[in-house]
Amino acid sequence: MSLAQDQKQAFDLPCYLRQQMAAVDGALQRFLPPAGAKPATIHRAMRYSIFAGGKRMRPALCLAAAEACGAEMEAALPLACAVECIHTYSLIHDDLPAMDNDDLRRGKPTNHKVFGEGIAILAGDALLTEAFAIAAQAKGWPRYGHRDLVRELARAAGSRQLIAGQVADLESEGKKIPAGQLRYIHERKTSALLCCAVRLGGMSANCTAPQLKALTDFGYNVGLAFQIIDDILDVTQTSEQLGKTAGKDTAAEKATYPSIVGLEKSRQIASQLTRRAFSALQPFKGKAKALEALAEFLLKRDK
Ligand code: GRG
């Protein structure tokens with residue numbers, strides 16, 4: 001076993017994730033309006049999806065990036081929660097009949113199945129809006145003021161990134177698209193928000209420009225690998241295992257890495273991207289153990 005492998009194994013990721021998830025869930029409880037706040041339906045709907053049992057990978061990446069740059073987790077918590085709110089909004093909207101039309105998410109009936117389409121749309125809108133109110137509670141740092149934090153979130157969630165990916169995804173359904181177009185979709189639909197999470201973590205530590213560049217490279221590569229693994233799991237796992245409907249990509253005739261290059265090649269590409277993500281962390285000189293462990297976990301995950 002190489003030294004790098006040995007060090008990665010020494011990091012207790014399950015314990016780390018349990019602690020991070022508890023901190024993130026506690027913060028989300030505090031940041032979001034209480035379930036009983038009027039009108040209670042919308043707050044119950046927002047809370048239903050946010051506490052439905054997501055893996056909390058984006059907040060974990062955000063907090064781990066902050067630590068790699070020497071900050072306390074507390075400083076990054078509002079930003080980690082803001083990203084999770086945007087992610088959850090995108091899932092609620094993605095599940096709507098006008099989009100992917102799904103009835104299972106995070107192991108539970110989708111938001112619109114429980115609350116109806118109108119409330120589900122509004123719950124997504126409200127989570128997106130709350131994300132910015134939560135991010136505004138971050139303290140701001142000498143190198144990164146609130147203007148930078150808001151711009152970072154808005155860019156990742158906006159019509160050139162997250163929404164652009166979803167538009168391109170919708171427009172490519174049933175079509176044969178080249179691998180370059182698939183990468184364009186993955187960069188925007190998935191990688192942009194993961195990368196944003198990592199960058200915000202760095203910003204909350206008042207990171208230097210070279211550190212931010214390293215985190216950007218890491219987030220970009222991990223984000224692409226994450227979506228390729230998601231595509232692989234869609235064809236290799238069951239709905240019970242995933243907590244969302246398996247086999248959707250094939251049914252919707254979506255272009256995916258497995259459908260374009262096959263399963264084995266897809267796995268190789270995901271591994272190669274993860275290796276690039278590890279290399280990006282070199283400037284941290286071994287101080288980014290949690291980020292390394294998360295990248296490896298995301299590559300090997302089975303749900
Ligand atoms: C703005 C409507 C709208 C959509 C934006 C993000 C998105 C585009 C659609 C969501 C569906 C999807 C397949 C997105 C790709 C990112 C992805 C793999 C999401 C699932 O993330 P996980 O596995 O989910 O981290 P949990 O439930 O664990 O948080």
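Conventions used here
Residues numbered from 1 in each chain as written. Predicted model: local features only at pLDDT ≥ 70, side-chain atom pairs only at ≥ 80, totals over all residues. Heavy atoms only, no water. Helix = DSSP H or I, 4+ residues; strand = E, 2+ residues; numbered from the N terminus. Buried < 20%, exposed > 50% of the residue type's maximum accessible area, 1.4 Å probe, protein only. Contact = heavy atoms within 4.5 Å. Areas by Shrake-Rupley, 256 points an atom, 1.4 Å probe, with all protein chains shown as cover. Lys, Arg positive; Asp, Glu negative; His and termini not counted. Charge placed at Lys NZ, Arg CZ, Asp CG, Glu CD. Core = buried A, V, L, I, M, F, W, Y, C linked by side-chain atoms within 4.5 Å. Near = heavy atom within 4 Å. Polar contact = N/O pair within 3.5 Å; in protein donor to acceptor, adjacent residues only side chain to side chain. Phe/Tyr/Trp six-rings, centres within 6.5 Å; stacked < 30°, edge-to-face > 60°. Lys NZ or Arg CZ within 6 Å of the ring centre and 35° of its normal.

Asker: I would appreciate a short explanation of the overall build of the chain in the present structure.
Answerer: Counting its secondary structure elements, the chain contains 16 helices and two strands. C-alpha atoms of the chain, sized along the principal axes, occupy 50 × 50 × 35 Å. Across the 303 residues that make up the chain, the buried fraction comes to 52%. Intrachain contacts of the chain at a sequence separation of at least 6 include 74% that bridge at least 24 residues. Of the roughly 13,500 Å² that the chain leaves accessible, carbon and sulfur atoms contribute 54%. Here the chain holds 39 positive side-chain charges and 32 negative ones, and the gap between their average locations is 5 Å.

Asker: I would appreciate a short explanation of the nonpolar core in the present structure.
Answerer: General note: in soluble globular proteins, nonpolar side chains tend to be found buried as a group. If you look at the biggest cluster of nonpolar residues, it comprises 80 residues, and the most contacted ones within it are L200, F218 and L291. With 12 residues, the single largest contributor to this core is helix α5 (residues 73-94). With near-sequence residues (within four places) excluded, F218 lies in contact with L61, V198, A277, A280, L281, L291 and A295. Among the nonpolar cores identified, the runner-up in size contains 16 residues, and A225, I228, L233 and I269 belong to it.

Asker: What am I meant to see in unusual backbone geometry here?
Answerer: Trans is the common state for peptide bonds, and a negative phi is the common state for residues other than glycine. P39 follows K38 through a cis peptide bond whose omega is -5°. Counting through the fold element by element, P39 comes out in the loop between α2 (13-31) and α3 (40-50). Even without being a glycine, R56 presents a positive backbone phi close to 60°. The residue R56 is located in the loop between α3 and α4 (57-68) in this model.

Asker: What exactly am I supposed to notice about the site of the ligand here?
Answerer: The environment of the ligand is formed by 18 residues, the closest being K55, R58, H87, D94 and R106. Here an oxygen atom of the ligand and a side-chain polar atom of K55 are 2.6 Å apart. Note that an oxygen atom of the ligand is positioned 2.8 Å from one of the side-chain N or O atoms of R58. For the ligand, the accessible surface in isolation is 710 Å², of which the surrounding protein chains cover 93%. The element contributing the most residues to the shell around the ligand is α5, with six residues.

Asker: What exactly am I supposed to notice about the side chain of Q227 here?
Answerer: Within the secondary structure layout, Q227 lies in helix α11 (residues 209-236). Note on Q227: relative accessible area 7%, which makes it buried. Once you skip the residues sitting within four places of it in the chain, Q227 turns out to touch H186, K189 and T190.

Asker: Looking at this structure, how should I read the packing of aromatic side chains?
Answerer: Two measures describe an aromatic ring pair: the distance that separates the ring centres and the angle between the ring planes. For the structure on display, the rule yields two aromatic pairs. An angle of 70° between the planes, with centres 5.5 Å apart, marks the rings of Y48 and F115 as edge-to-face. Taken together, the residues span a long stretch of sequence, with Y48 in helix α3 and F115 in helix α6 (residues 111-115) at a distance of 67 residues. For the pair formed by Y48 and F115, the shared burial category is buried. Seen from the ring of Y184, R188 lies directly overhead, with NZ or CZ sitting 3.8 Å from the centre. Across the ring face of F226, the terminal group of R301 is positioned such that the distance to the ring centre comes to 3.9 Å.

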